[in-house]
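Coordinate analysis (summary)
Each chain is listed here by its residues.
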Amino acid sequence: MENFVKGHRRTPSDVEFERKSKQDAQKSLNKELNKLLLTATSNKDNIRKDFDGFEKLFGRFLEETGPFVDWEKIDPLKEDAIQMYNDLPPSKDEAVTKEMLNKLIVVKLNGGLGTSMGCTGPKSVIQVRNDQTFLDLTVQQIEYLNRKYGVDVPLVLMNSFNTQADTEKLLRKYANYKITIRTFEQSKYPRIDRESRLPVANSLSGSNNEAWYPPGHGDIYEAFYNSGLLKEYIDKGKTFAFISNIDNLGATVDINILNGLMNPSNGQKAPEFVMEVTDKTRADVKGGTLVEYNGKLRLLEIAQVPKDRVDEFKSVSKFKIFNTNNLWINLNAIHRVVEERTLHMEIIVNPKTLDNGVNVIQLETAVGAAIKSFDGALGINVP
């Protein structure tokens, strides 16, 4: 067999077969989602929005070649890509501080359950110290800020279908606090059978929550927009959101960072997106880092690193900082990227096995991965 060639070069018929397979998968998914929609007894408009978002994500999952970056396209960070926290000019004028804070909202990512910490409810209700929960301490932090400066910084919670009902009940106890608390719910997407690539759910009614999942905190942009709260806060003159995880109690409103955003020095244009990063230690080697990629600042996660480059990625001398997931983002810029559909985040394919043994995948995105969709993005290296 002298003419036998090892390996297989893709022929036009292979490409055509692959194209048709993807088309069939998209059509089959659409058909199944429409069948599921018929089982809805309420909130059909919201469910349709969720399904539209999921179909877009699924379409990208079919088209995109894989999770790995082209390692050769990673360039060293530009000098001004990361600012040192200690170089930020301190804000000393209380009147200016008050004006800045009145343009801020604080958003906490509150969609996660506390199962990994031995809790059956929302992660935010886990007791941290003196019977106080993550949510209690977060509310107290912002109330202190509001009282100290005589301002009204609202707390906005992004819940998931897993945490919404429990959180709404808990919020009643803060009625007498000097704080406005609002909530919105992120999308509810169907888990997909790994083999058939079709939803495992057969109905929207009932309590089969295992067939559904919240699609990661990258869903915040669309969900916040769809809730109407984004437009409401823009109309009220709010300009920036400080976004962080509910269980990160070190994620507090920093006046110096806020001042750097709202009053940039040397006549520079204010960045639309700031990520707090910090020095990487050997305990943080799996944390995402910032890189220059295709001329844009980009968040690089370990799942996107080719297997033969993982040790290089973990190096604390080559990649010196990691993402804290504390983000400062301009509200008008969020509105723009959603409306113009220029928002892009890498898809995280998360495999799971259900209690009944069915292997599924869930498609997720991470909030920080949107950094490349915004103008003038930068990192601030915090202590």
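Residues numbered from 1 in each chain as written. Predicted model: local features only at pLDDT ≥ 70, side-chain atom pairs only at ≥ 80, totals over all residues. Heavy atoms only, no water.

Structural notes on the confidence of the model for the chain
Within the chain, residue pLDDT values average 89, and 94% of them lie at 70 or more. Here helix α1 (residues 12–38) is the element of the chain with the lowest mean pLDDT, 82, and helix α7 (residues 229–235) is the one with the highest, 98. Note that pLDDT drops below 50 for residues 1–6; the model gives that stretch 0 contacts with residues more than four away or on any other chain. (pLDDT = per-residue confidence, 0-100. Helix = DSSP H or I, 4+ residues; strand = E, 2+ residues; numbered from the N terminus. Contact = heavy atoms within 4.5 Å.)

Quick word on the pattern of salt bridges
Here the structure, examined in full by the defined rule, presents 19 salt bridges. A salt bridge links D247 to K123; the nearest nitrogen and oxygen atoms lie 3.6 Å apart. With D247 in the loop between β11 (240–245) and α8 (255–262) and K123 in the loop between β3 (104–110) and β4 (127–129), this residue pair connects regions lying 124 residues apart in the sequence. Salt-bridge contacts for K173 lead to D136; the nearest nitrogen and oxygen are separated by 3.0 Å. Residue K173 is found in the loop between α5 (164–170) and β7 (181–185), and its partner D136 is found in helix α4 (residues 134–149); the two are separated by 37 residues along the sequence. A single salt-bridge network, built from bridges that share partners, covers E72, R309, E312 and K318. (Salt bridge = Lys/Arg side-chain N within 4 Å of Asp/Glu carboxyl O.)

Describing the sheet that holds strand β15 (residues 321–330)
Overall, mixed pairing links the 8 strands, which are arranged β2-β18-β12-β15-β11-β3-β6-β7 in an open sheet. Each end of this open sheet is capped by a strand with a single partner; those strands are β2 (82–84) and β7. Recorded for the sheet is a direction-independent mean angle of 30° between the axes of neighbouring strands. In terms of strand pairing, β11 meets β15 through 4 bridges, oriented antiparallel. (Pairing = 2+ DSSP bridges. Axes fitted to C-alpha atoms, helices over the stretch in contact; angles between N-to-C directions.)

So, unusual backbone geometry
You will see that N43, though not glycine, has its phi angle at about 55°, which is positive. Summarising the element assignment, N43 is placed in the loop between α1 and α2 (44–63). In this model, D131 sits at a positive phi of 65°, which is unusual for a non-glycine residue. By the element assignment, D131 lies in the loop between β4 and β5 (132–133). Take D131: its relative accessible area is 60%, and that puts it in the exposed class. (Buried < 20%, exposed > 50% of the residue type's maximum accessible area, 1.4 Å probe, protein only.)

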